[in-house]
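What follows is the residue order along each chain.
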Amino acid sequence: VELSTGIAESESGNGLQVIPSPSNGMVSIRWADAQFNNARFDVLDALGRNVVSTRMSQSNNTRSMDLSFLPEGSYVARLSGESAEVWTRFVVLH
């Protein structure tokens, strides 16, 4: 029997990191591909609801973000560019 979470497993090293994980909410978001320098960044909760949405406009492929307002739990971070999308999971613990 296979358990479905509704989220397809991603290949390791897909180019997006949210660190540290688990985190108290203060995270560093890093992406490997320059095509994501003007991409949309979303955070989805365990039910698939979009709880954060912003634009990533930094050209150095990294950004710090305060997500401490999120309740404890497991989240999916998604970075969507014009022609590609990457995601990763992370955990918030207070």
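Our subject is the structure that appears above.
One structure accompanies this document, and this report is about it.

Analysis parameters
- Residues numbered from 1 in each chain as written.
- Predicted model: local features only at pLDDT ≥ 70, side-chain atom pairs only at ≥ 80, totals over all residues.
- Heavy atoms only, no water.
- Phe/Tyr/Trp six-rings, centres within 6.5 Å; stacked < 30°, edge-to-face > 60°.
- Helix = DSSP H or I, 4+ residues; strand = E, 2+ residues; numbered from the N terminus.
- Buried < 20%, exposed > 50% of the residue type's maximum accessible area, 1.4 Å probe, protein only.
- Contact = heavy atoms within 4.5 Å.

## Notes on the packing of aromatic side chains
Now for step 1: Under the counting rule described, the total for this entry stands at 1 aromatic pair.
Now for step 2: Plain terms: the ring middles of Y75 and F90 are 5.8 Å apart, the flat faces sit at 25 degrees to each other, and that makes the pair stacked. Of the two residues, Y75 is situated in strand β6 (residues 73-80) and F90 in strand β7 (residues 85-92); the sequence distance between them amounts to 15 residues.
Now for step 3: Residue classification places Y75 among the buried positions, given a relative accessible area of 5%.
Now for step 4: On the accessibility criterion, F90 (1% relative accessible area) is buried.

## Things to note about unusual backbone geometry
Now for step 1: At the junction of I19 and P20, the peptide bond is cis and its omega measures out at -5 degrees in the coordinates.
Now for step 2: With respect to the secondary-structure elements, P20 resides in the loop between β1 (16-19) and β2 (26-31).
Now for step 3: For the bond from S21 to P22, the omega torsion is 10 degrees, close enough to zero to count as cis.
Now for step 4: Positive phi, close to 65 degrees, is recorded for N61, a residue that is not glycine.
Now for step 5: Among the residues examined, N61 registers a relative accessible area of 17% and is labelled buried.

## Let's talk about the environment of F36
Now for step 1: Tracing the sequence through the fold places F36 in the loop between β2 and β3 (39-44).
Now for step 2: Owing to a relative accessible area of 4%, F36 belongs among the buried residues under this scheme.
Now for step 3: Sequence separation of F36 and V86 is 50 residues, and the distance between their C-alpha atoms is 9.4 Å.
Now for step 4: Sequence-distant contacts of F36, defined by excluding residues within four places in its chain, comprise W31, M56, L79, S80, G81, A84, E85 and V86.

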